[in-house]
Amino acid sequence: GHQPSLEELAELISVCAHTLARHLTREGQSFRVLSNQIRYQRACELLARSQQSIAQIAYRLGYSDAANFSHAFRSISGQSPRAYRAALHASAAAGV
């Protein structure tokens, strides 16, 4: 039900957080950007494949409420999670 922090992820892979951050930087990534990309991809999958409400998906992805989730999703995709889901259903119904 939540996105791991840098420290939690580092612990899972048995390195210190500083080392993980250094490796990400060397690869031209930041933990925050990578985390947001993964969260967005998971959101797209959940919106496409589940019947869960937007609020339930927001909670599953670790957002404190649906409004924060919607804002973050819109900033990446340019549309709300509800509009994204509706567009998926419309294209599926049209056979696209």
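Residues numbered from 1 in each chain as written. Predicted model: local features only at pLDDT ≥ 70, side-chain atom pairs only at ≥ 80, totals over all residues. Heavy atoms only, no water.

**Description of the packing of aromatic side chains**
This is how the line gets drawn: Only Phe, Tyr and Trp rings take part, Trp by its six-membered ring, and two of them pair if their centres are within 6.5 Å. Stacked means planes under 30 degrees apart, edge-to-face means over 60, and tilted covers everything else. For helices the rule is a DSSP run of H or I covering at least 4 residues; for strands it is a run of E covering at least 2, with both sets numbered from the N terminus onward. For each residue, the accessible area found with a 1.4 Å probe, counting protein chains only, is set against the maximum for its type, and the residue is called buried under 20%, exposed over 50%, and partly exposed in between. Charge-over-ring contacts are defined here by two conditions on Lys NZ or Arg CZ: a distance within 6 Å of the ring centre and an angle within 35 degrees of the ring normal.
Enumeration according to the criterion identifies 4 aromatic pairs in this entry. Ring centres 5.1 Å apart and planes at 40° place the aromatic pair Tyr40 and Phe73 in the tilted group. With Tyr40 in helix H3 (residues 31–49) and Phe73 in helix H5 (residues 66–77), this pair connects stretches of sequence that are 33 residues apart. The exposure class of Phe73 is buried, given its relative accessible area of 2%. Note on Phe69 and Phe73: the rings are 5.9 Å apart at their centroids and 55° apart in plane angle, and the pair reads as tilted. With Phe69 and Phe73 both in helix H5 and 4 residues apart, the pair spans about one turn of that helix. Taking the relative accessible area as the measure of exposure, Phe69 reaches 1% and is therefore buried. Here the aromatic cluster, defined as three or more aromatic residues joined through ring pairs, consists of Tyr40, Tyr63, Phe69, Phe73 and Tyr84. Here the basic side chain of Arg39 rests over the ring of Tyr63, its NZ or CZ set 3.9 Å away from the ring centre.

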